[in-house]
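Residue-level listing of the chains:
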Amino acid sequence: MAAQGQVGATGQVGHDDRGGQVVLGVDSSTQSTKVLAVDADTGRVLARGQAPHTVSSGAGRETDPEVWWRALLDALGQLGEYARRAAAVSVGGQQHGLVVLDAAGRPLRPALLWNDVRSAPQAAALVERYGAAWWADRFGSVPGASFTVAKWEWLRANEPATAAAAAAVRLPHDFLTERLSGAAVTDRGDASGTGWWASDGEAYDEGLLAEVGLDPKLLPDVLGPGQQAGTVRGRLPLRAGALVAAGTGDNAAAALGLGLTPGRAVLSLGTSGTVYALSRRRPADPSGTVAGFAAAGGGWLPLACTLNCTLAVDKVAALLGRGREEVEPGGSLAFLPFLDGERTPNLPYASGLLTGLRHDTTAGQVLQAAYDGAVYALLRALDEVLAVDGSAAPDDEPLLLIGGGAKGAAWRETVRRLSGRAVRVPEAGELVALGAAVQAAALLTGEDPTAIAHRWNTAQGPVHDPLPRDDAALTRLATALPLASP
């Protein structure tokens, strides 16, 4: 049920006595849809709604887009009067997924999700065809299995009739934005994760689209920062005529929600793990470690993503029969928890690797090693993400730690121990939905989204002091990593 009253970054609850303007922020993630009703002036959360998704198991990772739509309607229904009062809405969604629709806007098949690695051979073939440097220079990123262009190539190879029947091709957040407004649009932040939007010219690459057999007329228009998608259509649990923002991808939305500025690094600990920072320069990393995404509010969002983060560590905890916080120090283990292959480093066929096991190794040490491996993969990419602007984060600038894992002491202690840095954990929860609300408020008021986030104090939270860096664990993990390569 929705939480009534106001719940802001400090967790204080009050009442919405002023009748101020309300905006809605949506987070349509892999596992669920969350919606926040937010006071546009103060950033206080007035109500929440949430509904789960279903994701296929086995070789593929798929979800019927109609599941997302039903979950959104369910979550909106939990907001009560705030859904009907909202003056603007924005959707933040999981990146990269492939949605193919018929002429009536109905899905032709379940969406291929970002963490479906069946498209790894297609990604490798695309990189081989053009060269990694070409992809980095033209698109800002070297495509891996997660990228939409690789998924489209997989569909063409494995389900050619479905690809040929497609009347529209969308990203997950586009699908929901279009259902709300009727507008076939996306934004530069999410488009930059497709592999067919050329970031050097900020336009679809029609030459590449011709090579992969995709008519550009099937793709949504790309909106710039601050542009409006449309207005809410009638017969929905929202006020008809409310403004609909462009929306964006989940990481770009979280960056908006934090009011991110250059030099501040974010570690997001969720199903996947990400590190990113706002940059003034357009990224172009031919190694593929740093994805050169566009930022929803302008500028760039260099990012590195790992497939195996909280879900992998929770799986290890379950196998050991331990709670996720039941870690123990010590031991000589190195554990690379690449349970679903890996994106950073690019090892789509890898599996988990455990070395250094001894007779006196405890289950708690094995679990701690899983945490270490997941965090190590993120920290390896952090300096490269920050180097896009030619600098590193100031030593006295805490790392911003967000996502579900940031709530866990074991995750926080592992990041501090392996980075040697302080971490700040923002008290504001659900930052993707909050960032979407920032975008909706910016559309409504014309204010800069960074200024809105700073006024809302979204990054406020306790700082945890640094711990001495565990160089021995870092060395063990660096030694083990080459063993994970096929």
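Relevant structure appears above.
Basis of the calculations
- Residues numbered from 1 in each chain as written.
- Predicted model: local features only at pLDDT ≥ 70, side-chain atom pairs only at ≥ 80, totals over all residues.
- Heavy atoms only, no water.
- Helix = DSSP H or I, 4+ residues; strand = E, 2+ residues; numbered from the N terminus.
- Rg over C-alpha atoms; globule rule 2.2 N^0.38 Å.
- Buried < 20%, exposed > 50% of the residue type's maximum accessible area, 1.4 Å probe, protein only.
- Areas by Shrake-Rupley, 256 points an atom, 1.4 Å probe, with all protein chains shown as cover.
- Lys, Arg positive; Asp, Glu negative; His and termini not counted.
- Charge placed at Lys NZ, Arg CZ, Asp CG, Glu CD.
- Salt bridge = Lys/Arg side-chain N within 4 Å of Asp/Glu carboxyl O.
- Core = buried A, V, L, I, M, F, W, Y, C linked by side-chain atoms within 4.5 Å.
- Contact = heavy atoms within 4.5 Å.
- Polar contact = N/O pair within 3.5 Å; in protein donor to acceptor, adjacent residues only side chain to side chain.
- Expected span 1.5 Å × (residues − 1).
- Axes fitted to C-alpha atoms, helices over the stretch in contact; angles between N-to-C directions.
- Parallel < 35°, antiparallel > 145°, perpendicular 65-115°, else oblique.
- Left-handed = near helix turned anticlockwise from the far one by under 90°.
- Nonpolar A, V, L, I, M, F, W, Y, C, P; charged D, E, K, R; others polar.

Asker: What am I meant to see in the overall build of the protein here?
Answerer: What the protein contains, in helices and strands, is 16 helices and 26 strands. Taken against the 2.2 N^0.38 rule, which gives 23 Å for 486 residues, the C-alpha radius of gyration of the protein at 21 Å falls within 12% of a compact globule. In terms of principal-axis extent, the alpha carbons of the protein reach across some 65 × 55 × 45 Å. A buried classification covers 58% of the 486 residues belonging to the protein. In the structure as shown, the protein presents an accessible area of about 18,100 Å², 50% of it carried by carbon and sulfur atoms. Across the protein, the 41 positively charged side chains and the 51 negatively charged ones have centroids separated by 3 Å.

Asker: Could you clarify how one ought to interpret the pattern of salt bridges in this entry?
Answerer: Close approach of charged atoms allows side chains with opposite charge to pair. In total, this model carries 22 salt bridges according to the counting rule given. Where Arg109 meets Glu62, a salt bridge forms, and the shortest distance between an N and an O atom there is 2.9 Å. Within this pair, whereas Arg109 is found in the loop between β8 (99-101) and β9 (111-112), its partner Glu62 is found in strand β6 (residues 62-63), the two being separated by 47 residues in sequence. We classify Glu62 as buried; its relative accessible area is 14%. In this structure, a network of salt bridges that share partners links the residues Glu62, Arg109, Asp116, Arg118 and Glu159.

Asker: Can you help me understand the nonpolar core in this one?
Answerer: Side chains of nonpolar character tend, in soluble globular proteins, to be buried together. Of all hydrophobic cores here, the largest spans 63 residues; its most connected members are Trp152, Val169, Trp196, Leu214, Tyr276 and Leu301. Element by element, the count of residues in this core is highest for helix α14 (residues 431-445), at 9 residues. In this structure Trp152 touches Leu98, Val100, Ala163, Val169, Trp196, Val212, Gly213 and Leu214, once residues within four positions along its chain are discounted. Core analysis: the second largest hydrophobic core is formed by 48 residues, Leu269, Val366, Leu378 and Leu386 among them.

Asker: Quick question: what am I supposed to make of the side chain of Ser146 here?
Answerer: Relative to the helices and strands, Ser146 resides in the loop between α4 (132-139) and α5 (148-158). We classify Ser146 as buried; its relative accessible area is 4%. At 3.0 Å, the side chain of Ser146 forms a polar contact with the backbone oxygen of Trp114. Here the side chain of Ser146 touches Arg343 through a polar contact of 3.4 Å, side chain to side chain. Dropping the residues within four chain positions of it, Ser146 is found in contact with His96, Trp114, Lys151, Leu307 and Arg343.

Asker: Sorry, what's going on with helix α12 (residues 363-386) here?
Answerer: The α-helix advances 3.6 residues per turn, and as a result positions three or four apart in sequence lie on the same side. With 24 residues, α12 extends 36 Å from end C-alpha to end C-alpha; this agrees with the ideal 34 Å at 1.5 Å per step. Counting buried residues in α12 gives 20 out of 24 residues, a clear majority hidden from the surface.

Asker: Looking at this structure, how should I read the packing of helix α1 (residues 65-77) against helix α7 (residues 172-181)?
Answerer: Working note: a packed helix pair is described by the angle between its axes plus the distance between those axes. Where α1 contacts α7, the axes come no closer than 10 Å and their chain directions differ by 55 degrees. With respect to α7, the element α1 is oriented oblique. The hand of the α1/α7 crossing is right-handed. Within the contact between the two elements, α1 uses Pro65, Glu66, Trp68, Trp69 and Leu72 and α7 uses Pro172, Phe175, Leu176, Arg179 and Leu180. For the contact of α1 with α7, the residue count by class is 8 nonpolar, no polar and 2 charged.

Asker: Would you explain the environment of Gly403 in this entry?
Answerer: Looking at where Gly403 falls in the secondary structure, it is placed in the loop between β24 (399-402) and α13 (409-419). Classification of Gly403 as partly exposed rests on a relative accessible area of 34%. The contacts of Gly403, once residues within four sequence positions are left out, are Ser268 and Leu269.

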